[in-house]
Amino acid sequence: MLSRKNKHLLLKIVSMFSVIRGYNIPIIALAQYLSAIFILAPEKRALSVLLDFNLLIIVIVSSLTIASGYIINNFYDSEKDLINRPNKSQLDRLVSQKTKLKVYFTVNFIVFLLSFFVSFRAVLFFSAYIFLIWFYSHKLKKMAIVGNMTAAFLAVLPFFAILLYYKNIYPQIFAHANFLFLLLIIREIIKDLENIKGDIANDYQTIPVMFGESTAKKIITLLTVLTIIPIYFLVEIFEVGYMDIYFYVSLIILIFFLQKLWKSNSKPDYLKLHNMLKFLVVSGVFCIVLIDPEVLVNGRRLLKF
């Protein structure tokens, strides 16, 4: 049996895990490694990528920066979350605002120190990343369009850290990035529709608040149609191996998504749409291996010397 003190400590750990959304961070770290092996540095052996110490530090630092970003975002959104996510908010409040700030600054200091193991350029990159996340959480998040685009950009930025590390610029990289960027912007606007009550109460000038739900749906529809452009390039122009299956399935899901969008008018409806987009993003991470399945099937590139 756990003592009362240990139970309290365990609850605080669970609360902090909820604040930093610890379930998301391993997926982002996996996405960085898979992107490095299959997209950003395809000419390198998989084993050399996996054993690259500098890449490991970049992934760790990215994960810590994202965790600190979730903390500061939670700090500024505490009042809004009481309306939009009351159950999660109650769990998150088991850790005080003061403690959250202490952890936030501690994690950022660790990020600053670890970045030096890679290069001074890495220090500058992650310092800028930390500042942008804070500025987004403090100011930009409340602004229509700018807030959505910034949130999507910040979500993609960890992959640019690896891109800068390998210094490999392939056209297909930008096609992948554009597809992901569009999905993330759509997801951000869906979240605004989902959280419209809390946004109105806390004076957040989001697209649904300023222009109405119908206009927000029209913008989402336009952005969804635009995903056809990167999908076309990835399937027809660039070599993506068997990952083209993922993009064909994504098109079908996005068509179904649009049908559901125009029938949606409540928070549970928008939550389902949000989860559909989350599924597309997460499944896209695992489907990266379809670019060259032989790496996993027989380990040819992994074991080749």
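Conventions used here
- Residues numbered from 1 in each chain as written.
- Predicted model: local features only at pLDDT ≥ 70, side-chain atom pairs only at ≥ 80, totals over all residues.
- Heavy atoms only, no water.
- Axes fitted to C-alpha atoms, helices over the stretch in contact; angles between N-to-C directions.
- Helix = DSSP H or I, 4+ residues; strand = E, 2+ residues; numbered from the N terminus.
- Parallel < 35°, antiparallel > 145°, perpendicular 65-115°, else oblique.
- Contact = heavy atoms within 4.5 Å.
- Nonpolar A, V, L, I, M, F, W, Y, C, P; charged D, E, K, R; others polar.
- Core = buried A, V, L, I, M, F, W, Y, C linked by side-chain atoms within 4.5 Å.
- Buried < 20%, exposed > 50% of the residue type's maximum accessible area, 1.4 Å probe, protein only.
- Expected span 1.5 Å × (residues − 1).
- Arc of directions from axis to C-beta.

Describing the packing of helix H13 (residues 213–226) against helix H15 (residues 244–261)
Okay, step 1: The geometry of H13 relative to H15 is characterised by a closest axis approach of 11 Å and an angle of 170° between their N-to-C directions. The orientation of H13 with respect to H15, classified from their angle, is roughly antiparallel. From H13, Lys 217, Ile 220, Thr 221 and Thr 224 reach across to H15, where they touch Leu 254, Phe 257, Leu 258 and Leu 261.
Okay, step 2: For the contact of H13 with H15, the per-class residue count stands at 5 nonpolar, 2 polar and 1 charged.

Here we look at the nonpolar core
Nonpolar side chains in soluble globular proteins generally cluster together in the buried interior.
Okay, step 1: Counting residues in hydrophobic clusters, the biggest one holds 89 residues, and the most contacted among them are Phe 38, Ile 190 and Phe 257.
Okay, step 2: When residues in this core are grouped by element, the largest group, 11 residues, is from helix H10 (residues 171–194).
Okay, step 3: The residues contacting Phe 38, other than those within four sequence positions of it, are Ile 288, Val 289, Ile 291, Asp 292 and Val 295.

Quick notes on helix H1 (residues 4–19)
Okay, step 1: Taking 1.5 Å of rise per residue, the 16 residues of H1 would be expected to cover 22 Å, and the 22 Å separating its terminal C-alpha atoms lies within 8% of that figure.
Okay, step 2: Turning to H1, its buried residues are Ser 15, Met 16, Ser 18 and Val 19. Along the axis of H1, the buried residues cluster in a sector spanning 155°; they form a single face.
Okay, step 3: Buried-residue contacts for H1 involve helix H4 (53–76), helix H6 (86–92) and helix H7 (97–115).
Okay, step 4: Remark: Arg 21 follows H1 within two positions and exhibits a positive phi of approximately 50°.

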